[in-house]
Amino acid sequence: MEPFYVTTPIYYVNSTPHIGHAYTTIAADILARNQRQRGAKAFFLTGVDEHAAKVARVAAEQGLSPQAYADQIAVVWRDLPERLNASNDFFIRTSDPEHKQFVQGFLQRLFDNGHIYQDVYSGLYCVGCEAFKTEADLVDGKCPEHDREPEWIEERNWFFRLASFEQELLQLYERDDFVLPGFRANEARSFIEGGLQDFSISRAGQTWGIPIPWDTDSVAYVWADALVNYVSALAYARPGQDLIPTFWPQVRHLLAKDILRFHCVYWPALLLGAGYEPPRQLFVHGYLLLDDRKISKSLGNVVDPLDLIDVYGVDPVRFWCARAVSFGQDGAASILGIHERYERELGNDLGNLLSRTTAMVARYRGGTLRASPSPDGSIANAIRPLASDVAASLDEFDLTGALERIWEVVRILNREVEITAPWQLAKDPLLADDLDRVLYDLVDGLRAVAVALAAYIPTTADAILAALRQPTGIEWANVAYGLTAETHAIEPATPLFPRLDAPVE
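The paragraphs below set out a description of the structure included in this document. Here the residue index of a chain counts from 1 through its sequence in written order. Reporting in this predicted model follows two pLDDT cut-offs: at least 70 for local features of residues, and 80 or more for side-chain atom pairs to be given and counted; totals over whole chains, interfaces and linings ignore these cut-offs and use all residues. Side-chain numbers come from the whole structure's heavy atoms, not from hydrogens or water.

We now examine the overall build of the protein. For the protein, the helix and strand inventory stands at 19 helices and 17 strands. Expected size for 505 residues packed as a compact globule is a radius of gyration near 23 Å; at 26 Å, the protein falls within 12% of this value. Projecting the C-alpha coordinates of the protein onto the three principal axes gives extents of approximately 90 × 45 × 40 Å. Looking at the protein residue by residue over its 505 residues, the buried ones come to 58%. Contacts were defined at the residue level, with two residues in contact if any of their heavy atoms lie within 4.5 Å. Sequence separation of at least 24 residues holds for 77% of the intrachain contacts in the protein that already meet a minimum separation of 6. Positive charge is attributed to Lys and Arg, negative charge to Asp and Glu, and no charge count is given to His or to the chain ends. One atom stands in for each charge, and that atom is NZ of Lys, CZ of Arg, CG of Asp or CD of Glu. Taken together, the 45 basic and 69 acidic charged side chains of the protein have centroids lying 4 Å from each other. Helical segments are the DSSP runs of H or I of at least four residues, strand segments are the runs of E of at least two, and each set is numbered from the N terminus. Two things to know: the radius of gyration comes from C-alpha atoms, and the globule rule equals 2.2 Å times the number of residues to the power 0.38. Relative accessible area decides the class of each residue, using a 1.4 Å probe on protein chains only: under 20% of the type maximum gives buried, over 50% gives exposed, and in between gives partly exposed.

A side chain of one charge can pair with a side chain of the opposite charge when the charged atoms of the two come close. By definition, a salt bridge exists where a carboxyl oxygen of Asp or Glu is found within 4 Å of a side-chain nitrogen of Lys or Arg. For the coordinates displayed, the defined rule picks out 26 salt bridges. Salt-bridge contacts for Asp71 lead to Arg93; the nearest nitrogen and oxygen are separated by 2.7 Å. Separated by 22 residues along the polypeptide, Asp71 in helix α3 (residues 66–83) and Arg93 in strand β4 (residues 90–93) bring together distant segments of the chain. For Arg93, a relative accessible area of 12% translates into the label buried. Residues joined in a network through salt bridges with shared partners are Arg323, Arg341, Arg344, Glu345, Glu404 and Arg411.

In terms of residue burial, strand β13 (residues 251–256) counts as a mostly covered element, since 6 of its 6 residues are buried. Covered by surrounding structure in β13 are Val251, His253 and Leu255 together with Arg252, Leu254 and Ala256, the residues of both alternating faces. When DSSP finds at least two bridges between two strands, those strands are taken to pair. Of the pairings in the sheet, the one linking strand β1 (residues 4–7) to β13 comprises 3 bridges and is parallel in character. Bridging from a neighbouring strand, Thr7 pairs with His253 of β13.

Attention now goes to the packing of aromatic side chains. Any Phe, Tyr or Trp ring, taking Trp's six-membered ring, that has another such ring centre within 6.5 Å forms a pair; planes under 30 degrees apart are called stacked, those over 60 apart edge-to-face, and the others tilted. Scanning all chains against the criterion turns up 27 aromatic pairs. Here the aromatic rings of Phe111 and Trp158 are separated by 6.0 Å at their centres, their planes lie at 80°, and the arrangement is edge-to-face. Here Phe111 is found in helix α4 (residues 97–112), whereas its partner Trp158 is found in strand β7 (residues 151–160), with 47 residues between them in sequence. A residue is classified by how much of its surface remains accessible, and Trp158, at 12% relative accessible area, is buried. Among the aromatic side chains, those forming a connected cluster through ring pairs are Tyr5, Phe43, Phe106, Tyr230, Phe247, Trp248, Trp267 and Tyr276.

This part is about the environment of Ala86. Within the secondary structure, Ala86 sits in the loop between α3 and β4. Spatially, the C-alpha atoms of Ala86 and Pro181 are 24 Å apart, while their sequence positions differ by 95 residues. Residue contacts for Ala86: discarding those within four places in its chain leaves Thr25, Asp29, Arg33, Phe44, Pro81 and Arg318.

Attention now moves to unusual backbone geometry. The omega torsion of the bond from Leu180 to Pro181 falls at -10°, within 30 degrees of zero and hence cis. With respect to the secondary-structure elements, Pro181 resides in the loop between β8 (179–180) and α6 (182–193). Here Trp248 and Pro249 are connected by a cis peptide whose omega angle stands at 5°. With respect to the helices and strands, Pro249 occurs in the loop between α9 (244–247) and β13. One non-glycine residue, Phe397, lies in the positive phi region at around 65°.

Another aspect to go through is the nonpolar core. Residues enter a nonpolar core if they are buried and are Ala, Val, Leu, Ile, Met, Phe, Trp, Tyr or Cys, with the set joined through side-chain atoms within 4.5 Å. By size, the foremost hydrophobic cluster in this structure holds 86 residues, and its most contacted members are Leu254 and Tyr456. For this core, the element with the most residues is helix α18 (residues 432–453), which contributes 13 residues. Setting aside chain neighbours within four positions, we find Tyr456 in contact with Ile30, Arg318, Ala322, Leu394, Leu399, Ala402, Leu403 and Ile406. Ranked by size, the runner-up nonpolar core spans 81 residues in total, among them Val55, Leu227, Ile244 and Val251.

Turning next to the side chain of Asp225. Structurally, Asp225 is set in helix α7 (residues 222–226). Of the side chains with opposite charge, Lys100 comes closest to the buried, unpaired Asp225, at an N-O distance of 8.6 Å.

Side chains of residues three or four places apart in an α-helix project in the same direction, reflecting 3.6 residues per turn. Of all the residues in helix α11 (residues 305–312), the buried ones are Pro305, Leu306, Leu308, Ile309 and Tyr312. Here the buried residues of α11 occupy an arc of 155° about the axis, which is enough to place them on one side. Lining the buried residues of α11 we find α1 (19–37), α3, α12 (314–324) and α13 (335–365). One or two residues past the end of α11 sits Gly313, with phi positive at roughly 95°. Directions drawn from the helix axis to the C-beta atoms are what define this arc.

Here we take up the sheet that holds strand β12 (residues 215–220). On the basis of which strands lie adjacent, the open sheet formed by 3 strands has the order β10-β12-β11 and antiparallel pairing. In the strand order of this sheet, the two ends are held by β10 (202–204) and β11 (211–212), each with one partner. Alignment of β10 against β12, held across 3 bridges, turns out to be antiparallel. What sits directly across from Ala204, in β12, is Ser218.

With that settled, the discussion passes to helix α19 (residues 458–467). Residues of α19 that are buried include every one of Pro458, Thr460, Ala461, Ile464, Leu465 and Ala467, and no others. Looking at the buried side of α19, the elements it contacts are α1, α12, α13 and α18. Phi turns positive one or two residues past the end of α19, at Arg469, with a value near 60°.

To continue, consider the packing of α4 against helix α8 (residues 229–236). In contact at an axis separation of 9 Å, α4 and α8 are set at 120° when each is read in the N-to-C sense. In terms of their interaxial angle, α4 and α8 are classed as oblique. Here α4 and α8 pass one another in a crossing that is right-handed. Between α4 and α8, the contacting residues are Glu98, His99 and Phe102 on the first element and Asn229, Val231, Ser232, Ala235 and Tyr236 on the second. Polar here means any residue outside two lists: the nonpolar Ala, Val, Leu, Ile, Met, Phe, Trp, Tyr, Cys and Pro, and the charged Asp, Glu, Lys and Arg; Gly therefore counts as polar. Looking at the contact of α4 with α8, its residues break down into 4 nonpolar, 3 polar and 1 charged. Think of each axis as a best-fit line through the C-alpha atoms, taken over the contacting stretch in the case of a helix, with angles from 0 to 180 degrees between the N-to-C directions. Here the word oblique covers every angle except those under 35 degrees (roughly parallel), over 145 (roughly antiparallel) and from 65 to 115 (roughly perpendicular). The hand of a helix crossing depends on one turn: near helix anticlockwise from the far one by less than a right angle means left-handed, and clockwise means right-handed.

Relative to the helices and strands, Asp441 resides in helix α18. Although Asp441 lies buried, it forms no salt bridge, and the closest oppositely charged side chain, Arg437, sits 7.5 Å away as judged by the N-O distance. Contacts of Asp441, omitting those with residues within four sequence positions, involve Ser374, Ile379, Leu413 and Tyr481.

Below you can see the structure in the form of structure tokens.
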């Protein structure tokens, strides 16, 4: 398999994480874990974007230097992927000395290649977006993302010749899979076809940022700094190793729709200008919404993912993020929603299935499972295409569809219990072979499901395999029927998802 490199956006540190940040991080982790299961050499990057005007403002409000503030709050952000049980290979900070050096080299290449010139910028700037705005971008004079009026700025900046890359960018969009979903690609293509304007890659009169190498009185515009992290991290994530030849440009960027223009238009052009290949794919997902509004600190409707983890546990939060909203679309988030998923699908569909299955093996067979596969049975037929179906969906970033495909098998296993009624078979010694076949199908099916779920809910997958006395290997080849050998000492499993009294608001 070719190498697989997946990134989240690097998150602003002007405040603490919310569930929207967790949403993207969990999605990237699911993709990375699944690729590793399938034998790919995978690299997963996340981190924080510190050189933003709004970060400097928050620091000043707290009486801190920007660097002191960033050092303080970066600890909270670094804790997010750890608490989410994310398997990221590196956590980047844009204040890393190695990143700063790489950005200066990247910008110098743009300058040396003739893609940078100096001019005066006069116009509107939204600090919330860290983006220059036109009147057409505003709604009633305000930024629609942050519901505030942008500021007027006038300064002499260095500009990138974006307009000169119009045809090269349109050629990239001839690839149907360059930006996904397709309707997001259409948005970016329409923006390009509408005519590109050069954009500033510097800010004058500011000290918080990476100095422009040929003009140390200016610093890099935050996006000209932040976007480069996707390449710079590969240069120093492993001391003494340059991972760029291995993983670039085999990169899949995950991003929310509000930063589509920067990633899907500006970023490929910057790469081309600096002599790098553009990214392999960009996937633009929607928002988790509360009251039909984007979750945002500035809007005051934040859900803290760590609070949810404290109540429900990390795997239920991971499951809910992947299950509740079709990945790529906007969708409503609610505490009631996660509670319902916890009780109905995790607790009843999966948890009770494991409890009933292990209890029946313990009660009717003394904990010994005989190898009695039914290659032509309904469970075998359900599991046989599972690995290829799930892999195909995940390769198209359909995390929700892949999870639904796994859950189809969970439902089939539950139906098998009701249809075959093992408690009735156990009453008749003449039906002993039938009982063995049913119990085997349930255990083997649960084993295959656990491996398929390992990228989504890894701790739960391990617990299922342990309860079934199965090896903990989660290689993708194990998502198959009939691999369970005769097994001993199966005992009634501890409940995977203990019942919670009521939703927590």
